[in-house]
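So the chains spell out like this:
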Amino acid sequence: MSGSRAERLAGAMGDLDAVVVLNATEPFLDSAYWYLTGCSSGTFEGARAIVLSDGSLHVFVSILEEEAASFGSGYVHVYHTDAERREMMGEVLKHSRKVGVNYPSAAYGSVEWLKKVGDYEISDASSVIASVTAVKDAAEIEEISKACKITSKVAMQIPELLSEGVTEIEVASEMDIRMLRLGGSGNAFETIAAFGAGSSEPHHRPGSYALRKGDAALFDFGCKHGLYCSDLTRTVFLGEPPEIMRRAYEVVLEAQKAGMACIEAGAPAKDADLAARAVIDASEFRGRFIHSFGHGVGMNVHEPISLSPKSEQVLQAGNVVSAEPGVYIPGVGGIRIEDTVLVTEDGCRPLTEYDHSLTVV
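These lines cover the structure that appears in this document, whether it is placed above or below. Here the structure is a predicted model, which is why all the values come from computation and not from measurement.

## Considering the pairing of strand β16 (residues 326-329)
Thinking step 1. Here β16 shows no split at all, with G326 and Y328 on one side and V327 and I329 on the other all buried.
Thinking step 2. Direction of pairing for β16 relative to strand β17 (residues 333-336): antiparallel, over a ladder of four bridges. The residue bridging V327 from the neighbouring strand is I335, located in β17.

Right, dumping it as structure tokens:
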């Protein structure tokens, strides 16, 4: 993979003269800023980054972030007032007429602010940015792999955390602590711990429900290493589960294997979903797989690669995606099995690992 990240983005810009990344305040901080600059420290609220069509990168930071920005890439412009920031950006953009912005991450006020910097045609550059960030370089794959190793270690420890009467929030918080102690820099997302019937809700929030014999215990969790995420789901049982849950587990496991067999560079992204869905829909659990097979993973735990039945995307070597089929039975429970995998030229390589066999604690 040749060229800097800014140069690769410039090569994908088409008729855009520039792409402008607009940070506001939390939560309107764009991961594309850290992707382009390579900075790993600093808050960078209010910071801006501009990539011009020649591949040059300009970053604009307050005096508060000058030192942190100096460790990253690009020409660093330090401003003291909003007027200075506006003037500096106007000078860099003086030959630009068509400017792209990462709409999904930009605050409305930031876009309105940009319109006052100069007379630009502003368009959505999110698909351009996504096309570049979707293919991970070696340094990114290394960071994601480290996050996945931490998460995998905690997954292997789940059985020792479970006993009758322990609550969802107690186990979730202990998992979070263990990921930090193992070197994680924070959660990739809020840990899901779902016991019993609650496990049939794909996005269940941990509460005070206490684990009982026969319950499924579903955990969807991940950490960050540096700025990069992992994503893993494991479902285990406390004591003997109902027979229907045993059958569901085996079907989901088979579905994941079928879907992962379709993941390789050049394959339609939808094929993995269709293969997994065919396994589930051929069973007694037809229609109980209620989300897509997977999504992109990177600085954000959900990135715009969709392994869904309607996806029109084609997988590329260097994509990192989740593989997460599931079966959900309201009032009874749910099963989800998920790994984070790296797309390769001839298949995929799991970056997370844990025992996939049905586990009864």
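## Some details on the nonpolar core
Thinking step 1. Formed by 55 residues in total, the largest nonpolar core has its most connected members in L162, F219, F221, I263, F293 and L307.
Thinking step 2. Top element by residues in this core is helix α9 (residues 243-260). It accounts for eight residues.
Thinking step 3. One finds L36, L57, C148 and C229 within the second-largest nonpolar core, a separate group that totals 41 residues.

## Some words on the packing of α9 against helix α10 (residues 270-281)
Thinking step 1. At a closest axis distance of 7 Å, the pairing of α9 and α10 adopts a crossing angle of 155°. Considered as vectors, α9 and α10 are oriented roughly antiparallel to each other. Both α9 and α10 take part in a crossing whose hand is right-handed. Seen from α9, the contacting residues are V251, E254, A255, A258 and G259; seen from α10, they are A272, A275, A276, V279 and I280.
Thinking step 2. Classifying every residue of the contact of α9 with α10 gives eight nonpolar, one polar and one charged.

## Brief notes about the state of the cysteines
Thinking step 1. Enumeration according to the criterion identifies zero disulfides in this entry.
Thinking step 2. Residue C148 stays outside any disulfide, its sulfur separated by 7.9 Å from that of C223, the closest cysteine.
Thinking step 3. Given the relative accessible area of 0%, C148 is considered buried.
Thinking step 4. With no disulfide of its own, C262 lies closest to C348 among cysteine sulfurs, the gap being 9.8 Å.
Thinking step 5. Using a relative accessible area of 25% as the deciding quantity, one classes C262 as partly exposed.

## Considering the sheet that holds strand β3 (residues 57-62)
Thinking step 1. With mixed pairing, six strands are arranged side by side in an open sheet as β4-β3-β2-β1-β5-β6. Two strands lie at the open edges of the sheet, namely β4 (75-79) and β6 (121-124), each paired on one side alone. Here the average twist between neighbouring strands, direction ignored, is 25°.
Thinking step 2. In this sheet, β4 lies alongside β3 in parallel orientation, the contact comprising five bridges. Residue pairing across strands places F60 opposite H77, the latter belonging to β4.
Thinking step 3. Sheet contacts for helix α4 (residues 82-92): β1 (18-22), β2 (48-52), β3 and β4; angle to β4, the most-contacted strand, approximately 150°.

## Things to note about the pairing of strand β12 (residues 232-237)
Thinking step 1. A large share of β12 lies buried, amounting to six of its six residues.
Thinking step 2. Covered by surrounding structure in β12 are L232, R234 and V236 together with T233, T235 and F237, the residues of both alternating faces.

What counts, and where the lines are drawn
- Residues numbered from 1 in each chain as written.
- Predicted model: local features only at pLDDT ≥ 70, side-chain atom pairs only at ≥ 80, totals over all residues.
- Heavy atoms only, no water.
- Buried < 20%, exposed > 50% of the residue type's maximum accessible area, 1.4 Å probe, protein only.
- Helix = DSSP H or I, 4+ residues; strand = E, 2+ residues; numbered from the N terminus.
- Pairing = 2+ DSSP bridges.
- Core = buried A, V, L, I, M, F, W, Y, C linked by side-chain atoms within 4.5 Å.
- Axes fitted to C-alpha atoms, helices over the stretch in contact; angles between N-to-C directions.
- Parallel < 35°, antiparallel > 145°, perpendicular 65-115°, else oblique.
- Left-handed = near helix turned anticlockwise from the far one by under 90°.
- Contact = heavy atoms within 4.5 Å.
- Nonpolar A, V, L, I, M, F, W, Y, C, P; charged D, E, K, R; others polar.
- Disulfide = S-S within 2.5 Å.

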